[in-house]
Amino acid sequence: MEQKDIYERMNRAVGALLREIEALLFPEESADPSEEAFREKLRTAWEKGDAYRRKAYEILDEEMNGAAEADAALLQRARRHVHTDTGRVLIATRYFLEKDERGESTAAQKEKLLADWREVLDAIQSGSFNEAQADVRTQLNAAGKETGIRIIYTGEIPTDPENIRRYAKEAAAKIMAAVRAGETSVEL
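Residues numbered from 1 in each chain as written. Predicted model: local features only at pLDDT ≥ 70, side-chain atom pairs only at ≥ 80, totals over all residues. Heavy atoms only, no water.

### Focus on helix α1 (residues 3–25)
Taking 1.5 Å per residue, 23 residues should reach 33 Å; α1 reaches only 27 Å between its end C-alpha atoms and comes up short. Val 14 marks the point of greatest bend in α1, at about 75°. Where α1 is concerned, the buried positions are Gln 3, Ile 6, Tyr 7, Met 10, Asn 11, Val 14, Gly 15, Leu 17, Leu 18, Ile 21 and Leu 25. Its buried side turned inward, α1 meets α2 (35–64), α3 (69–101) and α4 (107–126). (Helix = DSSP H or I, 4+ residues; strand = E, 2+ residues; numbered from the N terminus. Expected span 1.5 Å × (residues − 1). Bend = angle between axes of the 7 residues up to and from the residue. Buried < 20%, exposed > 50% of the residue type's maximum accessible area, 1.4 Å probe, protein only. Contact = heavy atoms within 4.5 Å.)

See the structure below:
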């Protein structure tokens, strides 16, 4: 089994969600939608992205049962990519929508968000990821920077995949809670 095979199977199973996100955010016609229409498309893309992430987890977890050790490592790497990359863009989307509702978003932030979506969609569809993005600390720092929250690490980041996933999920929740509370930093 190769990494590309894993993504091809996932794309056959749930690739329709990726194509829907792509059609929403990157329509073939060049008409610039109204800001409200864009926000609605972004909300829908967030929902479909979250649904893709959940379904991809299910598929990868099912395949991990009974997989050979080398195949299980590839599946775990694919799960980590889906988690970190989709998680990063979903957090950025949620943050953008919250800022936009308060009238604080900028055109540059919108363009950066769309570029992030394009990068993640391309990576998931092709199965080729920038391995440096899979680092949890880097991802959390990027989420903190994107949301304007300073990350203060008070403990060690776990090293086993299950605890890394749990840690990242809790960290993302803390970052979003800090954004909502108007705080400038969060301890992880």
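### A few points about the packing of aromatic side chains
Scanning the model with the defined rule gives 1 aromatic pair in all. Measuring from ring centre to ring centre gives 6.3 Å for Phe 38 and Phe 96, while their planes differ by 85°; the resulting arrangement is edge-to-face. With Phe 38 in helix α2 and Phe 96 in helix α3, this residue pair connects regions lying 58 residues apart in the sequence. Given the relative accessible area of 5%, Phe 38 is considered buried. Judged by its relative accessible area of 5%, Phe 96 falls in the buried class. Cation over ring: Lys 110 sits above Phe 38, and NZ or CZ is 4.3 Å from the ring centre. (Phe/Tyr/Trp six-rings, centres within 6.5 Å; stacked < 30°, edge-to-face > 60°. Lys NZ or Arg CZ within 6 Å of the ring centre and 35° of its normal.)

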